[in-house]
Amino acid sequence: MRADHLWTGARLATMRPDLPGLGIIEDGVIAAQHGRILHAGPAADAPAFDAARTTDLEGRWVTPGLIDCHTHLIHAGDRAHEFELRLKGASYEEIARAGGGIVSTMRATRAADEAELLRQALPRLDALLAEGVTTVEVKSGYGLTLQDEVKMLRAARALAGLRPVDIATTFLGAHAVPPEFAENHDAYIDLVCRSMIPHVAQHGLADAVDGFCEGIGFSLAQVRRVFHAAKAHGLAIKLHAEQLSNLQGAALAAQCGALSADHLEHVDEPAVRAMAQAGTVAVMLPGAYYFTRDTHLPPIDLFRIHGVPMAVATDCNPGTAPLTSLLLSMNMAATLFRMSVEECLTGVTRHAARALGRQADIGTLEAGKACDLAIWDIERPAELVYRMGFNPLHARIHRGIS
Ligand code: NIG
Ligand code: FE
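Our subject in this report is the structure included herewith. (Residues numbered from 1 in each chain as written. Chains lettered and ligands numbered in written order. Predicted model: local features only at pLDDT ≥ 70, side-chain atom pairs only at ≥ 80, totals over all residues. Heavy atoms only, no water.)

A few points about the overall build of the protein chain
Going by this rule: Only runs of H or I of at least four residues qualify as helices and only runs of E of at least two qualify as strands under DSSP, and these elements are numbered from the N terminus. Restricting the calculation to C-alpha atoms gives the radius of gyration, and the globule rule supplies 2.2 Å times the number of residues raised to the power 0.38. Relative accessibility under 20% of the residue-type maximum defines a buried residue, over 50% an exposed one, and the middle range a partly exposed one, all with a 1.4 Å probe and only protein chains included. Contact criterion: two residues are considered in contact whenever any of their non-hydrogen atoms come within 4.5 Å of each other. The accessible surface values rely on the Shrake-Rupley method and a 1.4 Å probe; as for residues, cover is taken only from the protein chains in view. For the purpose of counting charges, residues Lys and Arg are taken to be positive, whereas Asp and Glu are taken to be negative. His and the chain ends are not included. Every charge is mapped to an atom, namely NZ of Lys, CZ of Arg, CG of Asp or CD of Glu.
When its secondary structure is counted, the protein chain shows 15 helices and 17 strands. Taking 21 Å as the expected radius of gyration for a compact globule of 402 residues, we find that the protein chain reaches 21 Å, a close match to that expectation. Overall, the C-alpha framework of the protein chain stretches about 70 × 40 × 40 Å when taken along its three principal axes. Counting every position in the protein chain, which comprises 402 residues, the buried fraction comes to 58%. A fraction of 72% describes how many contacts in the protein chain between residues 6 or more apart in sequence connect residues 24 or more apart. As presented, the protein chain carries roughly 15,300 Å² of accessible surface, and 52% of it is formed by carbon and sulfur atoms. When the 36 basic and 46 acidic side-chain charges of the protein chain are each reduced to a single mean position, those positions are 2 Å apart.

Observations concerning the pattern of salt bridges
What counts here: Salt bridges, as used here, are contacts in which a Lys or Arg side-chain nitrogen is within 4 Å of a carboxyl oxygen on Asp or Glu.
With the rule as written, the count across this model stands at 25 salt bridges. Put simply, Arg225 and Asp190 hold a salt bridge, and the shortest N to O gap is 2.6 Å. Of the two residues, Arg225 sits in helix 7 (residues 220-232) while Asp190 sits in helix 6 (residues 185-202), which places them 35 residues apart along the sequence. You can call Arg225 partly exposed: its relative accessible area is 30%. Arg304 serves as the salt-bridge partner of Asp301, at 3.1 Å between the closest nitrogen and oxygen. With Asp301 and Arg304 both in helix 11 (residues 300-306) and three residues apart, this pair spans about one turn of that helix. One continuous salt-bridge network, built from bridges that share partners, spans Arg36, Asp166, Asp361, Asp372 and Arg399.

As for the coordination of the iron ion (ligand 2)
Note the cut-off: Only N, O and S atoms count as donors, using a 2.8 Å cut-off from the metal and 3.2 Å for Na, K and Ca, and because water is excluded some sites may appear unfinished.
For the iron ion (ligand 2), the full set of protein donor atoms is His70 (NE2), His72 (NE2), His240 (NE2) and Asp315 (OD), at a range of 2.1 to 2.3 Å. As a motif over one chain, the donors of the iron ion (ligand 2) read H-x1-H-x167-H-x74-D. Within this pair, whereas His70 is found in the loop between strand 8 (66-68) and helix 1 (80-87), its partner His240 is found in strand 12 (residues 236-241), the two being separated by 170 residues in sequence. Assessed through its relative accessible area of 0%, His70 is described here as buried.

Section: the sheet that holds strand 12
To keep it simple, the criterion reads: Should DSSP find at least two bridges between two strands, the strands are taken to pair. Between N-to-C directions, angles cover 0 to 180 degrees, with each direction set by a line fitted to C-alpha atoms, over the stretch in contact for helices.
A sheet is described by the order of its strands in space; here eight strands give the open sequence 8-9-10-11-12-13-14-15, paired in parallel fashion. The sheet is open, and its two edges are formed by strand 8 and strand 15 (310-312), each paired on a single side. Neighbour to neighbour, the strand axes of the sheet diverge by 25° on average, direction disregarded. As defined by bridge partners, strand 10 (residues 166-174) adjoins strand 11 (residues 208-213) across three bridges and the pair is classed as parallel. Paired with Ala174 across the strands is Gly211, a residue of strand 11. Packed on one face of the sheet, helix 6 meets strand 10 and strand 11 and runs near 155° to strand 10.

Overview of the packing of aromatic side chains
What counts is decided by this rule: To pair, rings of Phe, Tyr and Trp, with the six-membered ring standing in for Trp, must have centres within 6.5 Å; the planes then decide the type, stacked if under 30 degrees apart, edge-to-face if over 60, and tilted in the middle.
Applying the stated criterion across every chain, the model contains four aromatic pairs. Taking the centre distance of 5.1 Å and the plane angle of 85° together, the rings of Tyr289 and Phe337 count as edge-to-face. Residue Tyr289 is found in helix 10 (residues 286-291), and its partner Phe337 is found in helix 12 (residues 326-337); the two are separated by 48 residues along the sequence. Grouping residues by exposure puts Tyr289 and Phe337 together as buried. One aromatic cluster is present, formed by Phe181, Tyr188 and Phe218 through successive ring pairs.

So, the state of the cysteines
Stated precisely, the cut-off is as follows: By convention in this document, the label disulfide applies to cysteine sulfur atom pairs within 2.5 Å.
All told, the structure shown has zero disulfides when counted by the stated rule. Here Cys69 stays unpaired: no disulfide links it, and the sulfur of Cys344, its closest cysteine neighbor, is 13 Å away. A relative accessible area of 0% means that Cys69 is categorised as buried. Lacking any disulfide linkage, Cys256 is separated from the closest cysteine sulfur, that of Cys213, by 11 Å.

Here's the deal with the pairing of strand 2 (residues 5-13)
Judged by how many residues are buried, strand 2 sits mostly within the fold: seven of nine residues are covered. Across six bridges, strand 2 lies against strand 3 (residues 24-33) in antiparallel orientation. Residue pairing in the sheet places Ala10 in a bridge with Gly28 of strand 3. In terms of strand pairing, strand 2 meets strand 6 (residues 54-56) through three bridges, oriented parallel. The residue of strand 6 that forms the bridge with Leu6 is Thr54. Both strand 2 and strand 7 (residues 61-64) contribute to a ladder of two bridges, which runs parallel.

Observations concerning the nonpolar core
The following threshold applies: Nonpolar cores were defined as sets of buried Ala, Val, Leu, Ile, Met, Phe, Trp, Tyr and Cys residues, with membership established by side-chain atoms within 4.5 Å.
Judged by nonpolar contacts, the single largest core of 98 residues is most densely connected at Ile74, Leu159, Phe171, Leu264, Phe303 and Met339. Excluding residues within four positions of it along the chain, Phe171 makes contact with Ser140, Glu149, Leu153, Val192, Met196, Ile197, Val200, Ala206, Ala208, Val209 and Asp210. One finds Trp7, Leu12, Ile25 and Ile397 within the second-largest nonpolar core, a separate group that totals 15 residues.

Some words on helix 5 (residues 146-162)
We apply this condition: A helix is expected to span 1.5 Å for every residue after the first.
Taking 1.5 Å of rise per residue, the 17 residues of helix 5 would be expected to cover 24 Å, and the 25 Å separating its terminal C-alpha atoms lies within 8% of that figure. Check the buried side of helix 5 and you find it contacts helix 3 (102-111), helix 4 (114-129), strand 9 (133-139), strand 10 and helix 6.

Here it is, written out as structure tokens:
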């Protein structure tokens, strides 16, 4: 069988759902052709390959390329000043209500052009890629006008032309009420539903639509309108839900068939059941939990009991998670949320793929999927979760190319 590239001597953590645990295959081989996996399995039953190139991995571990399924990577400026205010005792919500928070990043983002947004985002993207990430989801939500949201989404799409990475874009117009609409929040939702979503859908700028369902964000009724508009335009949906309080956002997301509900510190059991039924992924964002010094843990046990798939992501954003390490995010998910090594690793691969609706294409090492690999200098997979601030990546392969 012809192959472009054959990797031998590999220990594979395939993340295959039909195998137990991490789907481990010792003494494995991977063959790739035209950027896709042709074969991934034990050397003993591999067909004979006529490979243009062969690499002996000498026992190194291979996982699917990592997937960061929730980021706000595109934004201008930082909020180090608000961080200092929080160190003096102000809360995230107080700062938001005083006109800081998301709206302060909105001002900086409106003032930047697309080139400037890219210039500021690339170092963050490079930090993720250096840890074996091959797919990144990027949200808008700091423009809050049609023109500025479009600018953010175009910048996000452009990242894929500048680095070897897949980018999934999410329209987050319903992130915060912009100051122009301070007196009439529903009029802003009108704009999101009647003008922004149709435009974004028509121009293929977003793969999904997200919202922030919260006291300092949008009500359940407003989010419902956003979801209906998204679905009417053929877009998938996701939601920032139950981060600071329980507004029943996750239950609505599940009812509407959302790909994921994210944060979920305050979610209740009926909503978890609804998520299980709908196949909605719970995206855990322990970096935001850590950075805001939250103490209300998401109900990991309920997700387990009801069989809700859990993903782990950075939430990279200037306000609540200035974090560009998916490895550290896994360590936080384990240490703070008590997620297991297996849950953390499937959470940045197979379940993260599902949170993006891309489970047919990425997230496991299986024939037919994209050949996105992370190759690690480790003795056992637990090291990827265990260390803090250490990067054991040996090589990163995106679409079959290193
Ligand atoms: O995922 N919660 C809303 N969105 C972000 C925070 C955005 C910001 O503060 O800039 C989050 O935590
Ligand atoms: Fe977020």
